[in-house]
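An overview of the molecular structure
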Amino acid sequence: MIEINEFDKIIAANWKLNCSLDFLKHYFNKINSNDIKPGVCGIISPPLVYIQNCSLHLKSSSLFLGAQDCSLYNKGAYTGENSASMLKDNNCQFCIVGHSERRQIFGETSKDVKKKAENLINQGINPIICVGETLAEKNAGSTKNILYEQLSNSLPEKSSSNSIIIAYEPIWAIGSGLVPSLEEINDIHSYIKSDINKFKNYKILYGGSVKSSNVKEILNLENVDGVLVGGASLDPIEFTKILNAC
Ligand code: PEP
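In what follows, the accompanying structure is described.

Calculation rules
- Residues numbered from 1 in each chain as written.
- Predicted model: local features only at pLDDT ≥ 70, side-chain atom pairs only at ≥ 80, totals over all residues.
- Heavy atoms only, no water.
- Helix = DSSP H or I, 4+ residues; strand = E, 2+ residues; numbered from the N terminus.
- Expected span 1.5 Å × (residues − 1).
- Buried < 20%, exposed > 50% of the residue type's maximum accessible area, 1.4 Å probe, protein only.
- Pairing = 2+ DSSP bridges.
- Right-handed = clockwise from strand over helix to strand, strands pointing away.

**Re helix α5 (residues 110-122)**
- Its 13 residues give α5 an end-to-end C-alpha distance of 18 Å, which sits within 8% of 18 Å, the value for a rise of 1.5 Å per residue.
- Of all the positions in α5, only Ser110, Val113, Lys116, Ala117, Asn119, Leu120 and Ile121 are classed as buried.
- Within two residues after α5, Gly124 carries a phi angle of roughly 80 degrees, on the positive side.

Following this line, the structure appears as structure tokens:
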């Protein structure tokens, strides 16, 4: 398992359901991760069928390999699933769990997220656990309550700041071009770190419409330890700029 506390900043890409052999050829021709500063952890999370292909490309790079989800189950009659041990066999070092698209589209609960994170930790893979509020919840003033509930129920008992990364992703900011103000981002991250005392030392990423033009100011915030990037990570030049923004 990678020791998260060794890093100052974490920059994670989530490619979602976007990839092809042509895309990979182009991407790895263009991305330049040689200039990543020491202390920065860069992660690429492709769709699972391309994980071996990416793993070969990443051999000569300083980027880590991540997955976008893993099964609740470890083995057996679960058609279409991929277990944490299968991710491990395929060189995955990180895995996103509880992304809002999994929670909203596939009905994943915080209890499921917790079990998946436990499976990952048991295999020595670092979970990146996502939490975030909807626009209606934000407008109702319940963001902090929602986050408290999601965090309390999604993190395994044996989690530690060295094994787990938290990603705060306001759902209304994902893929929308909308970004909370810098004060709002810092306030939420500070709430997670200071008010929910047990997460004091955790690395907390911000996710939601991050691009090369806004990443620096977000990364400069006191309580932000990195970013989780969707759309902008699909462009290798753009993602190179984001990786080098620290
Ligand atoms: C995401 O889905 O995790 C995400 C942050 O997406 P985007 O950067 O496209 O808003």
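**Remarks on the pairing of strand β2 (residues 40-45)**
- Of all six residues making up β2, six are buried, and the element is well covered by its neighbours.
- Where strand β1 (residues 9-14) meets β2, six bridges bridge the pair, whose relative direction is parallel. Counted as the bridge partner of Ile10 is Cys41 from β2.
- Once the chain exits β1 it traverses helix α1 (residues 21-30) before rejoining the sheet at β2, and the crossover so formed is right-handed.
- Where β2 lies against strand β3 (residues 64-67), two bridges are found, and the strand directions are parallel. Residue pairing across strands places Ile44 opposite Leu65, the latter belonging to β3.
- Handedness of the β-α-β unit built from β2, helix α2 (residues 51-58) and β3 comes out right-handed.

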